[in-house]
Amino acid sequence: MEFAATKAWKEAVLKRVIYTNIPDAADSPAHDTVLYVGEQVVLDTLRRKYRNLPRQYVPLPNGLVAVQSTPSLSLGVFAKRAFKPGDVVVRERPFLIAAADIGFDPSAGGKKVNPLIGNSVLGEILKSAERHFLPPNRDGFAALLTDYSLNPVHDLMKDMFRSLFRIGEKDLETSGVYKDYRLVSRVASRINHSCSPNVVCHFDEATFTFNAVVTREIQIGEEILTTYCPLELPRAERHRYLLPYNIDPCRCEACEMTDQEGSNQRRKMIYDYDMHKVIQLSPRKALKELIGVRNAIEEENLQFLPVYPMVLQLMGSFWAKLGKSTLSEGLQKQADLYHSIHKSGPSR
Ligand SMILES: C[S@@+](CC[C@H](N)C(=O)[O-])C[C@H]1O[C@@H](n2cnc3c(N)ncnc32)[C@H](O)[C@@H]1O
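We now turn to the structure provided with this report. Keep in mind the model is a prediction, meaning the values are calculated, not measured.

Considering the sheet that holds strand β3 (residues 65-69)
Spatially, β3-β4-β12-β9 is the arrangement adopted by the 4 strands of the open sheet, whose pairing is mixed. Here the strands that pair on one side only, and so sit at the sheet edges, are β3 and β9 (192-193). Summarising the sheet, β9 and strand β12 (residues 223-226) pair through 2 bridges and their orientation is parallel. Considered in β12, the bridge of H193 is made with T226.

Structure below.
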């Protein structure tokens, strides 16, 4: 009985999957043919939204980063030169984009992976995806699979980067399509997790490119790190989020440092920050509060968080009220840079 239910589910899942090779943009390298595994409605919506999907993009210069061995996490991505906030370090078309919940069991409310079959369906989908590729991408994708030393095929699915297509809510409601899409990519799939990341990742729908934008200074030789979990939480809670990504325990610098209590307190302060309360305060009191939050963000190396530019901007406006225009302008400039980092795509 269980087998029949599982088989029916598996067939239903496989029926929902469509394979589409997104055509190459003119003049872009041949490997830029993305295999899209998902629902037709997503592609149709995107095609309505952007004429000539995918649009051409401006490639980055070669050799900005390299995939190399790490001391304990198998492979990772490393800076080959120094970078500053706002620099784009990775820009690439993924090999494959897939709905994240194709491994979820609809009979379990569409939320839980069926442990009996979830991973094998994902494995089958990934394996069958391979033969749909044009040759250059097929080789790259196969290399990523066989060379994926920490993870067998089914785990690859868990490690794909979250990458939401921002298609219309109406389309989502009427079609019931998957909301969360993930990608497999030559370089991006090698970026390890850190609870104090140094890049923010964007997927640009119009050009179908993955982009990693720097959020704090990166020295030559430093590892490029993103996050797979919410960062304002204390260590133990972050670790719960990381389990499905095969991270147990997290071996990032923030989790391995000795002052965990101090770190948890700083992250709680960031989590508890309430802009609406702060704007009611007198400028001096507000600034005291804001400086505390900014310091906590910087000490935890969390310039990655969208709250960072908001805090800077508000600090600027309170300094302006106190007549400190130079301070205010400096903060506003920094806030603008970080706002653009959070919004940025490949047009930058
Ligand atoms: C997207 S892959 C990153 C590249 C991977 N290191 C490789 O060699 O291909 C994610 C996997 O790397 C490992 N990993 C990444 N960040 C980690 C961390 N902070 N702590 C422990 N393991 C991590 C986990 O095995 C995770 O499933």
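A few points about the nonpolar core
Counting 59 residues, the largest nonpolar core has V89, A212, I224 and M315 as its most contacted members. Excluding residues within four positions of it along the chain, M315 makes contact with L287, L290, R294 and L331.

Focus: the packing of helix α9 (residues 260-272) against helix α11 (residues 283-299)
Two quantities define a packed helix pair, namely the angle between the axes and the distance from one axis to the other. Axis separation between α9 and α11 bottoms out at 9 Å; the angle between their running directions is 130°. It follows that α9 is oblique to α11 by the angle criterion. The element α9 and its partner α11 pack so that their crossing is left-handed. Only G292, V293, A296, I297 and E299 of α11 make contact with α9, whose side of the interface consists of R266, M269 and I270. For the contact of α9 with α11, the class distribution of residues is 5 nonpolar, 1 polar and 2 charged.

Calculation criteria
Residues numbered from 1 in each chain as written. Predicted model: local features only at pLDDT ≥ 70, side-chain atom pairs only at ≥ 80, totals over all residues. Pairing = 2+ DSSP bridges. Helix = DSSP H or I, 4+ residues; strand = E, 2+ residues; numbered from the N terminus. Core = buried A, V, L, I, M, F, W, Y, C linked by C-beta atoms within 7 Å. Buried ≥ 20, exposed ≤ 12 C-beta atoms within 10 Å, placed from the backbone. Contact = placed C-beta atoms within 7 Å. Axes fitted to C-alpha atoms, helices over the stretch in contact; angles between N-to-C directions. Parallel < 35°, antiparallel > 145°, perpendicular 65-115°, else oblique. Left-handed = near helix turned anticlockwise from the far one by under 90°. Nonpolar A, V, L, I, M, F, W, Y, C, P; charged D, E, K, R; others polar.

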